[in-house]
Each structure stands twice: as structure tokens, then as C-alpha cells.
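# Analysis of the macromolecular model
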Amino acid sequence: MVAKDYPFYLSVKRANCALEVPTVASPAKETEEPSNKRVKPLSRVTSLASLIPPVRATPLKRFSQTLQRSISFRSESRPDLVTPRPWSRSMPPANTKRRDSKLWSETFDVCVNHMLTSKEIKRQEAIFELAQGEEDLIEDLKLAKKAYHDPMLKLSIMTEQELNQIFGTLDSLIPLHEDLLGRLQEVRKADGSTEHVGHILVGWLPCLNSYDSYCSNQVAAKALLDHKKQDHRVQDFLQRCLESPFSRKLDLWNFLDIPRSRLVKYPLLLREILRHTPNDHPDQQHLEEAIIIIQGIVAEINIKTGESECQYYKERLIYLEEGQKDSLIDNSRVVCCHGELKNNRGLKLHVFLFEEVLVITRAITHNEQLCYQLYRQPIPVRELVLEDLQDGEVRLGGSIRGAFSNNERIKNFFRVSFKNGSQSQTHSLQANDSFNKQQWLNCIRQAKEKIVCAGKAGVLNSEAHFLLSPNGSRVPQVEATLEQMDQSDCESDCSMDTSEISTDCERMEQTNSCENEKQIETNV
């Protein structure tokens, strides 16, 4: 074997020597070693290199974006329903790997682009992005059904009922977007340019109302999927799919959440097309109409999805006693925010902020479902006192823990308290990080401001229906009006409020008196 003819062998041999303890070989052995000895250092280096995990920075935990207005802190850990099995693999962080972006100017003839203005090229790029997004969405939805739904059903990894709950009405969305893609491709010219799209969008966008049921089901679908991941068969299947090239490092929930993210992106895409459309273009009016349509659809689905999420969590509240039940919870329609917090003793709590009440619970497993048992009496937001605590101000419970705790454990605290007669509560709650803490503070403050504003509006409305009677008592406006009419008939007195200008009252009284005297003379 000639060394110079195998540079790769030398490099691998050096790597092998670097990994092993060098030994001193005698010259006799070197000469006796046959030249045709089979050495497989490549597989050894490869196997050793595979054992060394790549160095990755811990991904920043971000709050998942949901269609509803409420902020849901879902990055927290949930209690393990089943002890992790030794044969189950740990799920790696699913880093989103996007497709390679395709530009209209790179897809079609470049010579045509020189004949168009810069603004028109940007308009064609925006229209092409809309069509390309529809094509990618259809491909992902079909992939979710073919690579996840059908195999799990065939292998009996999940029951048909469970899969229907998780996937919802996903099948019905595929022909919906195929319709729009077909319309956009029909109006595309041979050179790749598209002249009019506004009328197509105005006619197609109302079909997105069918997203109502799909988005409303996502809360229950996500909860069931998280629960089924505790089954090692489900976890192993999803892990194998995640490691496969077709997934692009996206897990199942990323695929199921793609329709929602696409829905909220439509207003942005249409505004981009409109921004590059000339004012005298026929598409101008149609695009403005289309934006109004999609904004209304997204707002309506947003409200219904928020109500569905609120109802889902209300149904999973477990009350230890009847006195914990509160009408403010029953009347709530929106969850402003919820998530895991810790008290100063390190106890994990799951806190819900509804519209008018703060509910502190503990996550438990009940009938193989994740439920929330009330930890304390619900706190009305109107009477809640919020206090932002500085880092280090709270002392952890227990002298030993407090003495040996580091600074990281006494950060990101805030306090909520409530006192009403003999009932009083005080909770020092710790968020995961400063951003999480600020989100909680903002949500609670906004909820309190909303209640205060609603209370002022109610007072003004009630004041509008009442007037002050001459003796200072409050009487309904209708009764006061009738009373004033009676007084004007009998006594010819001024019915104006005493807070009005006094000169006007005197003039009116004098005028009324003169008219009455003339009327009496006429009657006589």
C-alpha cells in the first residue's frame, strides 16, 4: 500500500491515533506487518464522533402564538402522567426548518422582469408568494395525513376517535386551498405575471369561515396529543417521524398548527399586494374589500376560539368544596392568560386569569386527564391588589433553603393579595423569567383597568336614567319628566335643573308667569 495514494487513509489514521493511547512499536514488527492488512478506521471514527452530541445553545422558550387574544403561557412543564421508560428516547428540540424561499423573479424569465417597473415586480412577488404559500400549505396538510394520521390508525397506535379529536377537520381544508391555488394558476399568464387577483380573493375568502371548527378544536387537540405522548408507542413513532427527512424537523403539532398560522397571515399578504398596487389599478378596490372580509373572519374566529379555550379549562376545574364555586368563573368567556407559577415555598401552581377572577389551582391527573384543582378561594380581579416585587425581596420558605438558595431562585416574583372582611389571601408568585413576569403583570393590570372602565360606564349609564327631584332624591328619568310636566301645568314653574345658569331660569320663570296671567285673563 502506497501512502501517498491514500491521503484520506492518513487523515483517518491520525484521527485514530489521536483518539487512542499511542504505543511504541519496534522496527521489527513494522517490517513484519503485512502490507495488505485490512484496517477499518473510518467506521471507528464515525462511531466515536456520533457519540459526541453537537453543542447547541438552549433554545429560548417562547410563548406559543394562538389565534385568540388571550396570552397562554404554555412553555411550562406539566406533571408526568407516566414515568419515562428506559426504552423511550428523549425528544430533541424541534427547530423549525423552513423551505427554501422561491422568488417570482427567479422562477420565471428574467428578461421579462426588465420590462416591468420596480413596483410592479414587487407586486408580482407578493402575488407569487400568496400562490406559493397555498401550494406549500396543501403539501403540508397532505403530509400530515399521509405520514401521521394514516400510519397511526393502521398500526393501532391511536384509536380512530382519538385521531379525529387531534386532527379535527383538517381533511376539509385541503380542497378549500386547492380551489384558491387553481384559481390563481388559471389567471397567471404564460410569462408568469398575474394581472388581477382581487376579484378572486373577494369570492374565495368567505370560505375561510370553515376554519371556525378547526381552530376551536385546537385547545382540546393539543391537550389530548400531549397526554398521548406519555404512551411510549406514540412517543417513539413521533420521534422517528421527527428524525425523518420529510418532517423538516417539525413535529406533529407544528403541522397541525400550520392552518392557523396561515389564516392570520392572509391580512399581511393582502396588504403587501395592495401596497404595491397602483391607485388606478382595477384591483385596488377589490383588494381593499378583501382585506375587510378577512379581518372580519379572523376577528370572529378569534372570539370563538377564545370562548372555546375558556370553556375547555372551566370544564376541567375541580372544586374541593361548594364554597369555591364562583359565578364570575361561570360567566367568564375568555381566559386572559394562564400558566405555571411557583409560590415562595417552591410549590408549582397553575394560575388562570379569567375576565373578572383570578383562580389559583394545582395541576393533577383525574381519570387519565389533566385537570386543575382549586388551591385557594377564587380572587375577584376588582378587589385584587397587585404588587411588583424587586429581585431578592422575597425570602424562600424554610430557613435551610433560604440560607443556601442562590440569587436566581429569588427573582421574578410578584404578589397578589385580597381582603374582604374576614377573608384574606396573599400569594407571592414566581415566573419563569422576567419576560413571563412582565406578561403576567400586564395582563392583570389590563384586566383591572377593563373592569374599572366598565364600572364607570355602568355608572354613567345608570346616571343617565336618573334625575334629581326637587327634594334631592333620585327618581327615574321618566317619572321626573312626568312630574315636571305636572308642575308646569299646575304651578307654571321652571323645570330646569338648579345647576343651570340662574339668569336663564329667571327669564323662563318670568315668561311663564306672563303667559299664565294672559291665559287666565283670556279664560275669564
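In the annotation of an unreviewed UniProt entry, the chain is listed under the name Rho guanine nucleotide exchange factor 3 and assigned to Chloroceryle aenea. Word for word, the UniProt comment on the chain under Function (unreviewed entry) is "Acts as a guanine nucleotide exchange factor (GEF) for RhoA and RhoB GTPases." The heading Subcellular location (unreviewed entry) in the UniProt record of the chain holds the text "Cytoplasm".

This paragraph deals with the overall build of the chain. The number of helices and strands found in the chain is 19 helices and twelve strands. Across the 524 residues of the chain, 35% fall into the buried class. Considering only intrachain contacts with a sequence separation of at least 6, the fraction spanning at least 24 residues in the chain is 66%. Total accessible area computed for the chain in this model is approximately 32,000 Å², and 52% of it derives from carbon and sulfur atoms.

Under the counting rule described, the total for this entry stands at eight aromatic pairs. For the pair Tyr148 and Phe255, a centre-to-centre distance of 5.8 Å together with 45° between the ring planes defines the contact as tilted. Of the two residues, Tyr148 sits in helix α6 (residues 118-154) while Phe255 sits in helix α13 (residues 252-275), which places them 107 residues apart along the sequence. Tyr148 gets classed as buried once you look at its relative accessible area, which sits at 1%. For Phe255, a relative accessible area of 0% translates into the label buried.

Quick look at empty space enclosed by the protein now. Under the criterion given, the structure shown has one cavity of 30 Å³ or more. When its volume is computed, the largest cavity comes out at roughly 30 Å³. Lining the largest cavity, in full, are Ile166, Tyr214, Asn217, Gln218, Ala221, Trp253 and Leu256. Looking at the lining of the largest cavity, the elements that each hand over two or more residues are α11 (218-228) and α13. Of the residues that constitute the lining of the largest cavity, the class distribution is five nonpolar, two polar and no charged.

What follows is about the pattern of salt bridges. In total, this model carries 20 salt bridges according to the counting rule given. Across the pair Lys142 and Glu178 runs a salt bridge, and its minimum N-O distance is 3.1 Å. Taken together, the residues span a long stretch of sequence, with Lys142 in helix α6 and Glu178 in helix α8 (residues 170-186) at a distance of 36 residues. The exposure class of Lys142 is partly exposed, given its relative accessible area of 42%. Glu178 sits in the partly exposed class, given a relative accessible area of 34%. One salt bridge connects Asp226 with Lys222, and the closest N-O pair in it is separated by 2.9 Å. With Asp226 and Lys222 both in helix α11, this residue pair falls four residues apart, about one helical turn.

This part is about the pairing of strand β9 (residues 413-420). Note: strand β8 (residues 385-388) against β9, four bridges, orientation antiparallel. Bridge pairing in β9 places Asp388 opposite Phe414. Sheet analysis places β9 next to strand β10 (residues 423-430), joined by eight bridges and oriented antiparallel. Residue pairing in the sheet places Asn420 in a bridge with Gln423 of β10. Connecting β9 to the antiparallel partner β10 that follows it, the hairpin turn spans two residues, and Gly421 within it adopts a positive phi of roughly 70°.

Looking now at unusual backbone geometry. The phi dihedral of Ser156 falls on the positive side, at around 60°, and the residue is not glycine. Of note, Ser156 is situated in the loop between α6 and α7 (160-167). Unlike most non-glycine residues, Arg248 shows phi in positive territory, near 55°. In this structure, Arg248 sits in the loop between α12 (232-243) and α13. Judged by relative accessible area, which is 18%, Arg248 ranks as buried.

If you look at the biggest cluster of nonpolar residues, it comprises 60 residues, and the most contacted ones within it are Tyr148, Met152, Phe167, Leu208, Tyr211 and Leu263. Examining the composition of this core, we find that twelve residues originate from one element, α6, more than from any other. Leu341, Leu358, Phe414 and Leu429 belong to the second largest nonpolar core, which has 21 residues in total.

Glancing now at the packing of α13 against helix α14 (residues 283-315). For any two helices packed against each other, the geometry comes down to the angle between their axes and how far apart the axes lie. Relative to each other, α13 and α14 sit at 165°, their axes nearing to 9 Å. The angle between α13 and α14 falls in the class roughly antiparallel. Crossing handedness for the pair α13 and α14: left-handed. For the pair α13 and α14, the contacting residues are Leu263, Tyr266, Pro267, Leu270, Arg271, Ile273 and Leu274 in the first and Gln284, Leu287, Glu288, Ala290, Ile291, Ile294, Gln295, Val298 and Ile301 in the second. For the contact of α13 with α14, the per-class residue count stands at twelve nonpolar, two polar and two charged.

Rules behind the numbers
Residues numbered from 1 in each chain as written. Predicted model: local features only at pLDDT ≥ 70, side-chain atom pairs only at ≥ 80, totals over all residues. Heavy atoms only, no water. UniProt positions renumbered as here; feature names shortened; annotations may be inferred. Helix = DSSP H or I, 4+ residues; strand = E, 2+ residues; numbered from the N terminus. Buried < 20%, exposed > 50% of the residue type's maximum accessible area, 1.4 Å probe, protein only. Contact = heavy atoms within 4.5 Å. Areas by Shrake-Rupley, 256 points an atom, 1.4 Å probe, with all protein chains shown as cover. Phe/Tyr/Trp six-rings, centres within 6.5 Å; stacked < 30°, edge-to-face > 60°. 1 Å grid on protein atoms, 1.4 Å probe; cavity = no way out; pocket = protein on both sides within 12 Å on 5 of 7 lines; lining within 4 Å. Points joined across faces, edges and corners; volume = space filled by probe spheres on them. Nonpolar A, V, L, I, M, F, W, Y, C, P; charged D, E, K, R; others polar. Salt bridge = Lys/Arg side-chain N within 4 Å of Asp/Glu carboxyl O. Pairing = 2+ DSSP bridges. Core = buried A, V, L, I, M, F, W, Y, C linked by side-chain atoms within 4.5 Å. Axes fitted to C-alpha atoms, helices over the stretch in contact; angles between N-to-C directions. Parallel < 35°, antiparallel > 145°, perpendicular 65-115°, else oblique. Left-handed = near helix turned anticlockwise from the far one by under 90°.

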